[in-house]
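Letter by letter, the chains look like this.
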2 protein chains.
Amino acid sequence: MTLKELYGEIEKYLDQTIEIKGWIRRHRKQKEFGFIDFSDGTCFKHIQIVYDKETKDFDHIDALKHGSAIRVLGTLVKSEGKGQDYEIKAQEVTLEGDCGDDYPLQPKQHSREFLREIGYLRPRANLFQAVFRIRSVAAMAIHTYFQERGYVYLHAPLITASDCEGAGEMFQVTTLDLDRVASSGKLDYNKDFFGKPASLTVSGQLQGETFAMAFRNIYTFGPTFRAENSNTKTHASEFWMIEPEMAFCDLNGLMDIEEDMLKFIVKYVLEHAKDEITFCDQFVEKGLIEKLEKLVSSRFTRITHEEVIKILKKAKVDWEFTPEYGEDIAKEHEKYITEYFNGPVFITDWPKDIKAFYMKQNSDGKTVAAVDLEVPGAGELMGGSQREEDYDRLINRMNEMGVPVEGMEWYLNLRRFGGCIHSGFGMGFERLLIYLTGVENIRDVIPYPRTPGNCEF
Amino acid sequence: MTLKELYGEIEKYLDQTIEIKGWIRRHRKQKEFGFIDFSDGTCFKHIQIVYDKETKDFDHIDALKHGSAIRVLGTLVKSEGKGQDYEIKAQEVTLEGDCGDDYPLQPKQHSREFLREIGYLRPRANLFQAVFRIRSVAAMAIHTYFQERGYVYLHAPLITASDCEGAGEMFQVTTLDLDRVASSGKLDYNKDFFGKPASLTVSGQLQGETFAMAFRNIYTFGPTFRAENSNTKTHASEFWMIEPEMAFCDLNGLMDIEEDMLKFIVKYVLEHAKDEITFCDQFVEKGLIEKLEKLVSSRFTRITHEEVIKILKKAKVDWEFTPEYGEDIAKEHEKYITEYFNGPVFITDWPKDIKAFYMKQNSDGKTVAAVDLEVPGAGELMGGSQREEDYDRLINRMNEMGVPVEGMEWYLNLRRFGGCIHSGFGMGFERLLIYLTGVENIRDVIPYPRTPGNCEF
């Protein structure tokens, strides 16, 4: 049986003989008896195994090393010791897999930097037991939210010949023999796998729009890539994004969905990863649970970019970056504005020149129907917009912004073939996880992070 | 409201005025009245809109084109016509988005080849309304199966510097300026993004094993890539895989899970995509539902590769490929053996020389604890194995097979640091979808397929 099953109905197993398999997380030895801190990874909780001279093969058990895989046959009893209500009195402990003395994951506090270096072992450490289970649970929360509401899950393509944002440095994908390209001096894309240059996607939005025009409500949840050479706590070269897209949905409808979804996810994770969140609350970010519970019950403010600038300008703060109409806002402004409203803030109607070409142009000629969600303690968590549904206005905007129309005919045609008001947003999954766990560095919420110069395991 | 909501409680809305938004799938006009076949993509069912001279703006409605987006205000009534129980008597029909006369998706039978060329419109066609919703529902079935059983969902890395199978041609990922590589004649990987050559993954298994050693039961569900230059109905360059990996699980336990999971998925899809499966049963593969229901109730046979060869050799069949001990089996053999047992067959204990290095070596010195699942009408649907947990045997096998040990130390170390008996399998998601829908070509179950020479949209 597993520890998850055991803890699910623990009273039922009291005084019963059970068999469990898992790993020694710590081993404390006394002369006449010993304690094994045992975990099998199926839940965050461990259980203590007690053995003594009466246990079969005492000397062998006593010699078992931290990190080893073992099988335990024993009786579940109430514990008289501190720190646990139950423990297992062992009848038999057998070795399933030994652990070398050079095991790098010792039962002590390791730095997160060191743990990254042993990335293939770190999921065994408490912090990553918590983080990666929360990652899994949060992913399920997202699928549950959209599937219960009839959204179609779209696997957007990863390899692409188009570049959504017109920005974003991209990884090139090729089967050309680069040694040969160098030695021959010839670069012939006709001989490449797709017969033309191809890259890794930076967004599934454009394909998402095609599906929204067929299924009305859709979402993507898949990997995206950025080849930016930035070494910050919040940038990774490979990360997962959620990009829902809804037909017959305007900017207000979009905000309703964003707010509802985020509250659903947070509630779901609080419920389904209770022990893991509690651990993070205790050891990663004090007050995490309070922060999350507050979000669930909070009212999200909706305010225009212009109004935000007005508030920022009035504020008696010595800004590093002066807030200006028509310009982007800085991290310090985001922070101020969520504190000002004491909760999450939707900032709408952004200056068109700092936003993407596909966003719905407002009638003022200056702004677009874009919305960023600013969350206390997380900054910008989602970015979305109503999409420009007018063919001529869209193509004009592309021309103005220097976005090539060639190769984008299919996207433009969505406006000619039964197009309609529609909206969508994107949420970086890792940004959500940083918010949910309190972990600061994106490298610590991705199983095997890829960043400039780093592609290990 | 949406059609899904409407059909969910249709009796409740009888004689009520409702508002719906969606698309004209067909428009039949008479002199005094007209019929619009309306769909909003939220469910497979359409609804008929009836309008007549009394409807506001009759002439405008009459002029509405197939493919247009519309808003309908009308009353739900029982239909007296054939083919539907209910219809909507329109009070108002307004145009939300026009559709050009050059709309390529006409209300007639198009070839699948043509539909691939208009890949951004084909999700609106009935076949792809069915296929891509089944894809979405099947994905949810998989997540539900594993999450309900406590498995941790792992996002394995896509960009990798190692090659799992030692086989499989891979796409290279680079940020080097290839024009410059050609013109300068210099190829310097120190200047590449990761400081070394990197590729797109062909499998997340190795990383999966690291997580199984921490969480016991894990699964991946993500994209994988093959740069094989093969243009067949079953090969795509980008596809999704499910790769569960279980610690303390042997080959028999693995087969239990594979069987249980597959039956769960099929039942889930039959239940959650009833209309779509019924459509596929009628128009794609006659007898599909019967095939699927039979699978759910069937007993899966378990038999060794050697026994299979014995049966094939005894068979009075004029084989194209002669079955031989120690060799792989051909498609014709797979077909014969599932018909022989009249159901799915697990073939176990394969000759080691035709299987991967990481598979558990059996004591006979000739076979490995591998298992392929052969399913009637689908061929090989899953492939898995118990993994070699012995460090020395694994390293010997790698040396024998010429698999480089360098760069794989972390994988090997799993056997030195609390390793244990463990097993896993891989299932190609598209192969499953071909089986679930009856659609024959992998290009028709992937939203935007990538194959040699093809990277559109």
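Residues numbered from 1 in each chain as written. Chains lettered and ligands numbered in written order. Predicted model: local features only at pLDDT ≥ 70, side-chain atom pairs only at ≥ 80, totals over all residues. Heavy atoms only, no water.

(A) Seen up close, the overall build of chain A. Helices and strands together make up the secondary structure of chain A, namely 15 helices and 16 strands. Its C-alpha atoms give chain A principal-axis dimensions of about 85 × 65 × 45 Å. Split into buried and exposed, the 457 residues of chain A put 61% on the buried side. A sequence separation of at least 24 residues applies to 67% of the contacts in chain A between residues at least 6 apart. Of the roughly 18,700 Å² of accessible surface on chain A, a fraction of 45% belongs to carbon and sulfur atoms. Of the side chains in chain A, 57 bear a positive and 75 a negative charge, and the two mean positions are spaced by 2 Å. (Helix = DSSP H or I, 4+ residues; strand = E, 2+ residues; numbered from the N terminus. Buried < 20%, exposed > 50% of the residue type's maximum accessible area, 1.4 Å probe, protein only. Contact = heavy atoms within 4.5 Å. Areas by Shrake-Rupley, 256 points an atom, 1.4 Å probe, with all protein chains shown as cover. Lys, Arg positive; Asp, Glu negative; His and termini not counted. Charge placed at Lys NZ, Arg CZ, Asp CG, Glu CD.)

(B) Looking closely at the sheet that holds strand β4 (residues 69–78) of chain A. All names here are of chain A. The strand order β1-β2-β3-β5-β4 describes a closed barrel built from five strands, whose pairing is mixed. Strand-to-strand twist across the sheet, computed as the mean angle between neighbouring axes with direction ignored, equals 55°. With three bridges joining them, strand β3 (residues 47–52) and strand β5 (residues 86–97) adopt parallel strand pairing. Bridge pairing in β5 places Gln48 opposite Glu87. (Pairing = 2+ DSSP bridges. Axes fitted to C-alpha atoms, helices over the stretch in contact; angles between N-to-C directions.)

(C) Here's a closer look at the relation of the copies chain A and chain B. You can overlay chain A on chain B at an RMSD of 0.0 Å; the transform is a turn of 180° with a shift of 0.0 Å along its axis. Taken together, these values place the two copies in the relation of a two-fold axis. Of the interface residues in chain A, 100% have counterparts in chain B that sit at the interface too, so the contact is made through matching surfaces. (Least-squares fit on C-alpha atoms with pLDDT ≥ 70 in both.)

(D) Region of interest: the packing of aromatic side chains. Under the definition given, this model contains 65 aromatic pairs over all chains. Between the aromatic rings of Tyr145 of chain B and Phe146 of chain B, the centroid separation amounts to 5.1 Å while the plane-to-plane angle is 90°, which identifies the pairing as edge-to-face. An angle of 75° between the planes, with centres 5.2 Å apart, marks the rings of Phe357 of chain B and Tyr358 of chain B as edge-to-face. One exposure class covers both Phe357 of chain B and Tyr358 of chain B, and it is buried. Among the aromatic residues, those joined into a cluster by ring pairs are Tyr120, Phe128, Phe132, Tyr448 and Phe457 of chain A together with Phe211, Phe215, Phe357, Tyr358, Trp410 and Tyr411 of chain B. (Phe/Tyr/Trp six-rings, centres within 6.5 Å; stacked < 30°, edge-to-face > 60°.)

(E) Molecular detail of the interface of chain A and chain B. The interface of chain A with chain B comprises 109 residues on the first partner and 109 residues on the second. Ranking the residues of chain A by area buried against chain B places His155, Phe193 and Phe417 of chain A at the top, with a combined share of 9%. At the boundary of chain A and chain B, one finds four salt bridges. The residue Arg416 of chain A makes a salt bridge to Asp102 of chain B at a minimum N-O spacing of 2.6 Å. On inspection of chain A and its partner chain B, the count reaches 37 residue pairs in polar contact (both at pLDDT 80 or more). Considering every element that reaches the side of chain A that touches chain B, the biggest residue donor is helix α5 (residues 126–148) of chain A, with twelve residues. (Buried area = accessible area lost by both parts, 1.4 Å probe. Salt bridge = Lys/Arg side-chain N within 4 Å of Asp/Glu carboxyl O. Polar contact = N/O pair within 3.5 Å; in protein donor to acceptor, adjacent residues only side chain to side chain.)

(F) Region of interest: the sheet that holds strand β15 (residues 379–386) of chain B. All names here are of chain B. With mixed pairing, the eight strands of this open sheet are ordered in space as β6-β10-β11-β16-β15-β14-β13-β12. In this open sheet, the two strands that pair with only one neighbour each are β6 (152–154) and β12 (301–304). The mean inter-strand angle of the sheet, taken between neighbouring strand axes irrespective of direction, is 20°. Across the face of the sheet, helix α5 (residues 126–148) comes into contact with β6, β10 (217–225), β11 (238–247) and β16 (422–428) while running at roughly 150° to β10.

(G) Region of interest: the pattern of salt bridges. Overall, the coordinates contain 63 salt bridges over all chains when judged by the stated rule. A salt bridge links Arg135 of chain A to Glu430 of chain A, with the nearest nitrogen and oxygen atoms 2.9 Å apart. Of this pair, Arg135 of chain A sits in helix α5 while Glu430 of chain A is found in helix α15 (residues 429–437), placing the two residues 295 residues apart along the sequence. This pair shows no difference in class: Arg135 of chain A is buried, exactly as Glu430 of chain A is. The closest approach of N and O atoms between Glu456 of chain A and Lys196 of chain B, which form a salt bridge, is 2.9 Å. Within this pair, whereas Glu456 of chain A is found in the segment after α15, its partner Lys196 of chain B is found in the loop between α6 (178–184) and β9 (198–200), the two belonging to separate chains. Judged by its relative accessible area of 25%, Lys196 of chain B falls in the partly exposed class.

(H) Representation of α5 of chain A within the structure. All names here are of chain A. Over its 23 residues, α5 extends 32 Å from the first C-alpha to the last, a length consistent with the 33 Å expected when each residue adds 1.5 Å. Most of α5 sits inside the fold, with 21 of its 23 residues counted as buried. At the C-terminal side of α5, Gly150 shows a positive phi close to 80°. (Expected span 1.5 Å × (residues − 1).)

(I) Molecular detail of the nonpolar core. Among the nonpolar cores identified, the biggest contains 230 residues, and Leu262, Phe429 and Leu436 of chain A together with Leu262, Phe429 and Leu436 of chain B are the most heavily contacted of them. Leu262 of chain B has contacts with Leu295, Phe300, Leu373, Val375, Leu381, Met382 and Leu432 of chain B, leaving out every residue within four places of it along the chain. (Core = buried A, V, L, I, M, F, W, Y, C linked by side-chain atoms within 4.5 Å.)

(J) Summary view of the pairing of strand β14 (residues 367–375) of chain B. Residue and element names in this part refer to chain B. Most of β14 sits out of view: nine of its nine residues are buried. By the alternation rule, side chains of β14 split into Thr367, Ala369, Val371, Leu373 and Val375 and Val368, Ala370, Asp372 and Glu374, which are all buried. Bridging between strand β13 (residues 345–351) and β14 involves six bridges; their strand directions are antiparallel. Bridging from a neighbouring strand, Ile347 pairs with Asp372 of β14. Connecting β14 to the next strand, β15, in antiparallel fashion are three residues, including Gly377 with a positive phi near 80°.

(K) Expanded view of unusual backbone geometry. The backbone phi angle of Phe457 of chain A is positive, close to 70°, even though this residue is not glycine. By secondary structure assignment, the location of Phe457 of chain A is in the segment after α15. At Asp57 of chain B, a position not held by glycine, the phi torsion is positive, near 55°. For Asp57 of chain B, the position within the fold is in the loop between β3 (47–52) and α3 (58–62).

(L) Seen up close, the confidence of the model for chain A. Model confidence for chain A is summarised by a mean pLDDT of 96, while 99% of its residues fall at 70 or above. Across the interfaces of the predicted complex, the ipTM metric reaches 0.97, alongside a pTM of 0.97. (pLDDT = per-residue confidence, 0-100.)

(M) A look at the packing of helix α11 (residues 305–314) of chain A against helix α12 (residues 331–341) of chain A. Residues and elements named next belong to chain A. Interhelical geometry of α11 versus α12 gives an angle of 90° and a closest axis separation of 11 Å. Accordingly, the angle class assigned to the pair α11 and α12 is roughly perpendicular. Touching Val308, Ile311 and Leu312 of α11 are His333, Tyr336, Ile337, Tyr340 and Phe341, all from α12. Partitioned by chemical class, the residues of the contact of α11 with α12 number seven nonpolar, one polar and no charged. (Parallel < 35°, antiparallel > 145°, perpendicular 65-115°, else oblique. Nonpolar A, V, L, I, M, F, W, Y, C, P; charged D, E, K, R; others polar.)

(N) Representation of helix α10 (residues 288–297) of chain A in the model. Residues and elements named next belong to chain A. For α10, the complete set of buried residues consists of Leu288, Lys291, Leu292 and Leu295. Take α10 and look down its axis: the buried residues cluster within an arc of 95°, on one side only. Among the exposed residues of α10, those oriented more than 90 degrees off its buried face are Glu290 and Ser297. Those residues of α10 that are buried are in contact with α8 (251–272), α9 (274–283), β14 (367–375) and α15. (Arc of directions from axis to C-beta.)

(O) Representation of the side chain of Glu374 of chain B. Residues and elements named next belong to chain B. You can see Glu374 is positioned in strand β14. One buried charge, Glu374, has no salt-bridge partner; the nearest side chain with opposite charge is Lys331, at 7.3 Å. In terms of polar contacts, Glu374 uses its side chain to reach the backbone amide nitrogen of Glu380, at 3.1 Å. Beyond its immediate chain neighbours, meaning those up to four positions away, Glu374 contacts Ile329, Glu334, Thr338, Pro344, Val345, Ile347, Gly379 and Glu380.

(P) Quick peek at the pairing of β11 of chain B. All names here are of chain B. Extensive coverage of β11 is indicated by the burial of ten of its ten residues. Side chains Glu238, Trp240, Ile242, Pro244 and Met246 of β11 all project onto a buried face; the interleaved residues Phe239, Met241, Glu243, Glu245 and Ala247 project onto the opposite face, where all are buried too. Of the strand pairs in this sheet, β10 and β11 are connected by nine bridges, and their pairing is antiparallel. Paired with Pro223 across the strands is Trp240, a residue of β11. Pairing of β11 with β16 involves five bridges; the strand directions are antiparallel. Considered in β16, the bridge of Ile242 is made with Met427.

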